[in-house]
Amino acid sequence: MANRERRHTRHPGAAFVVHAEVMTADDVARAMTRMAHEIIERNHGIDDLVLVGLQTGGIELAEALGNRLAEITGLAPPVGSLDVAFYRDDLGLRPVLPEAVTTIPGDLTGKRVVLVDDVLFTGRTIRAALNALGDFGRAASIQLCVAVDRGHRELPLRPDYVGKNLPTARDEMVDVSLDGVQLGRMVPR
Amino acid sequence: MSADSLIGGNLLSIEDLSADGLAEVLEVAESFVEVNGRSVKKIPVLKGRVIASLFFEESTRTRLSFETAAKRLSADVLSLAVASSSVKKGESLKDTIETIEALGIDAVVLRHRSSGAAHQVSRWVKEAKVINAGDGTHEHPSQALIDLFTVRRAVAERRGVDSRGSGLALLAGARVLIIGDIVHSRVARSEMLAYAKAGAQVRVIGPGTLVPGNVEIYGAERAENLDVELAEADVVSLLRMQEERGSGRFVPSLHEFSTLYGIDERRARLIRDDAVITHPGPMVRGVEVSSLVADDPRMVVREQVTNGVPIRMAILFLALSTRGEMVNV
């Protein structure tokens, strides 16, 4: 809920109006469990695996995914967070989010990194994240896990694990949390 | 007029910023502390920007710290070595600034012996942002921000709380005691304003000739009894006697100053265990502080130097940012 509120307060003159409930909390939980199994299958276990949630929407998802992996394998993978604000190509177009924290657990050299975010849209956040991760060591591989892929990519990127493919219009907004996924629009107050 | 944000602005004086504006710098600096702890201490936010560092007065730590900060943000740094520049041939400050701006510089970090130099330069430049790195006996705003940041982090550590996101709450109500040559100290002027804006109670003490009569305009008040004040202070700020500005002429002797206002072992024992002692450096051991006290665990001089880089990164980052429209991502 905290993420949802914060994201909406970034639009001071507008309110988020929902027009479709896309996933319930149960749907999200099932998708997380499925993606956890896919991660284990693809990587033959979770050795050297590091989950990195993208600020701010990916954090609670990365933690939930880490818990799910721990339940399945009995081992808890390290979970970090990454704020890509300083790597974006649209700096100045977005407000600085000084409350966001970057905590990368150790050197990433040789690790299999799974980036976790709530929504994959233009791909520019992921590009910035890839640049940022390069400063923390040479990972063996970087994979991408998103709760929702809403299309409209502007860069040649694709996710490795997808909770739900959701066709959207560009001006729609997708809100993702562990409580569910909603599709809506920002409407001026 | 004081702004609630440094974004896109000049940093000429602490007076330019409101309490919210000060808190914003501290919060952004917290993000840069993390960057400075990485193995690759560089982020691309100011790539392609050019920052000129113009020091018309000697400085080691301020200059190194601003230039390090600029480089960690990936800006290009032009450093004007005044001793070997056209300034020595008689070029005026205005002409030097015009030359610099004609080269397409985005920001100027200026230190000058004349009070008000940074304000004057900000009226001459058209596009470039001006950062005051110390002007005469007027202000040294980045140092005051470093001191707020260092004290905030030290208090947070002692109380076992997170300094990030705490705004100015850990500074509000703190009793701050500034000791020494207030008249000639630009750090003292910036500190008085900054601590007062943060909601602290600021008191200053020193020889009568070295404490201005009007400290109220900076939000401070004069104190008389050093021993009593030391026992009550949460923050003790020591200042250097500024020999190059003639501080020594205002007291009978440095030895007398040291006896009456220097922090020796006896006075150090009066200071509370959980107090924070700051000094902007360079310290003159044996004058404002005895050599033993200079190594006291309550002294945060090292932290002040370390914090200089993230604070100056935050200042440059904010001054060179623009507040744009929110985009849908």
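Some words on the confidence of the model for chain B
All names here are of chain B.
- Here chain B averages 92 in pLDDT, and 96% of its residues register 70 or above.
- With pLDDT under 50 throughout, residues 325-329 is counted as low confidence; its partners more than four residues away or in other chains account for 18 contacts.
- Interface scoring of the predicted complex returns ipTM 0.72; its pTM is 0.87.

Things to note about the pairing of strand S2 (residues 76-81) of chain B
Residues and elements named next belong to chain B.
- For strand S1 (residues 50-55) and S2, the ladder comprises six bridges, and the chain directions are parallel. By the bridge assignment for S2, Ile51 is matched with Val77.
- Crossover handedness for the path S1 to helix H2 (residues 61-72) to S2: right-handed.

Points about helix H4 (residues 124-133) of chain A
- Looking at H4 of chain A, one finds that the buried residues are Thr125, Ile126, Ala128, Ala129, Ala132 and Leu133 of chain A. Burial along H4 of chain A is one-sided: seen end-on, the buried residues are contained in an arc of 160°.

So, the pattern of salt bridges
- Tallied over the entire structure, the rule returns 26 salt bridges over all chains.
- Residues Glu154 of chain A and Arg170 of chain A are paired through a salt bridge, measuring 2.8 Å at the closest nitrogen-oxygen approach. Of the two residues, Glu154 of chain A sits in the loop between strand S5 (141-149) and strand S6 (161-165) while Arg170 of chain A sits in the loop between S6 and strand S7 (173-177), which places them 16 residues apart along the sequence.
- The salt bridge partner of Lys94 of chain B is Glu98 of chain B, with a shortest N-O separation of 3.8 Å. Of this pair, Lys94 of chain B and Glu98 of chain B are both found in helix H3 (residues 93-102), four residues apart, which corresponds to roughly one turn of the helix.
- The exposure class assigned to Lys94 of chain B is partly exposed, which follows from its relative accessible area of 35%.

Examining the pairing of strand S4 (residues 112-120) of chain A
Residues and elements named next belong to chain A.
- For S4, the buried fraction is high: eight of the nine residues fall into the buried class.
- As defined by bridge partners, strand S2 (residues 49-54) adjoins S4 across five bridges and the pair is classed as parallel. Along S4, the bridge assignment pairs Leu49 with Arg112.
- Taken together, S4, H4 and S5 form a β-α-β motif whose crossover is right-handed.

Some remarks on the nonpolar core
- Leu82 of chain A together with Phe32 and Leu316 of chain B are the most contacted members of the largest nonpolar core, which totals 93 residues.
- Among residues more than four places away in sequence, those in contact with Leu82 of chain A are Val52, Gly53, Leu54, Gln55, Val101, Thr102, Ile104, Ala129, Ala132, Leu133 and Phe136 of chain A.
- Counting residues in hydrophobic clusters, the runner-up holds 29 residues, among them Leu61, Leu69, Val114 and Val119 of chain A.

Let's talk about the confidence of the model for chain A
- For chain A, per-residue confidence averages 89 on the pLDDT scale, and residues scoring 70 or more make up 88% of the total.
- Considering only residues more than four positions removed or in separate chains, one finds that residues 1-9 of chain A, a stretch of pLDDT under 50, has 17 contacts.

Details of the packing of helix H5 (residues 141-159) of chain B against helix H6 (residues 186-197) of chain B
Residue and element names in this part refer to chain B.
- In contact at an axis separation of 8 Å, H5 and H6 are set at 50° when each is read in the N-to-C sense. Of the possible angle classes, the one that applies to H5 and H6 is oblique. Crossing hand, H5 versus H6: right-handed. Listed contacts from H6 to Pro141, Gln143, Ala144, Asp147, Leu148 and Val151 of H5 are Val187, Ser190, Glu191, Ala194 and Tyr195.
- In the contact of H5 with H6, the residues fall into seven nonpolar, two polar and two charged.

Quick notes on H3 of chain B
Residue and element names in this part refer to chain B.
- The set of residues buried in H3 consists of Leu93, Thr96, Ile97, Ile100 and Glu101. Projected down its long axis, H3 carries its buried residues within an arc of 130°, all on one side.
- On its buried face, H3 is in contact with S1, S2, strand S3 (107-112) and helix H4 (117-124).
- The first or second residue beyond H3 is Gly104, which carries a positive phi of 80°.

A word on the domain arrangement of chain B
Residues and elements named next belong to chain B.
- In terms of domains, chain B is made up of domain 1 (14-139 + 307-319) and domain 2 (141-303).
- Between the C-alpha centres of domain 1 and domain 2 the distance comes to 25 Å.
- Each partner contributes to the interface: domain 1 provides 32 residues, whereas domain 2 provides 31 residues.
- A buried area of about 2700 Å², summed over both sides, lies between domain 1 and domain 2, and 59% of it is on carbon and sulfur atoms.
- It is Ile14, Glu30 and Asn307 that lose the most area in domain 1 upon contact with domain 2, and together they represent 23% of the buried surface on that side.
- Applying the counting criterion to the domain 1 and domain 2 interface returns five salt bridges.
- Between Arg152 and Glu30 there is a salt bridge, and its shortest N-O distance comes to 2.9 Å.
- Between domain 1 and domain 2 we count 19 residue pairs in polar contact (both at pLDDT 80 or more) in total.
- Where the side of domain 1 that touches domain 2 is concerned, the elements lending two or more residues are helix H1 (19-36), H2, S3, strand S4 (129-135) and helix H11 (301-319).
- The leading source of residues in the side of domain 1 that touches domain 2 is H1, at 10 residues.

What counts and how
- Residues numbered from 1 in each chain as written.
- Chains lettered and ligands numbered in written order.
- Predicted model: local features only at pLDDT ≥ 70, side-chain atom pairs only at ≥ 80, totals over all residues.
- Heavy atoms only, no water.
- pLDDT = per-residue confidence, 0-100.
- Contact = heavy atoms within 4.5 Å.
- Pairing = 2+ DSSP bridges.
- Helix = DSSP H or I, 4+ residues; strand = E, 2+ residues; numbered from the N terminus.
- Right-handed = clockwise from strand over helix to strand, strands pointing away.
- Buried < 20%, exposed > 50% of the residue type's maximum accessible area, 1.4 Å probe, protein only.
- Arc of directions from axis to C-beta.
- Salt bridge = Lys/Arg side-chain N within 4 Å of Asp/Glu carboxyl O.
- Core = buried A, V, L, I, M, F, W, Y, C linked by side-chain atoms within 4.5 Å.
- Axes fitted to C-alpha atoms, helices over the stretch in contact; angles between N-to-C directions.
- Parallel < 35°, antiparallel > 145°, perpendicular 65-115°, else oblique.
- Left-handed = near helix turned anticlockwise from the far one by under 90°.
- Nonpolar A, V, L, I, M, F, W, Y, C, P; charged D, E, K, R; others polar.
- Domains from an automatic or database assignment.
- Buried area = accessible area lost by both parts, 1.4 Å probe.
- Polar contact = N/O pair within 3.5 Å; in protein donor to acceptor, adjacent residues only side chain to side chain.

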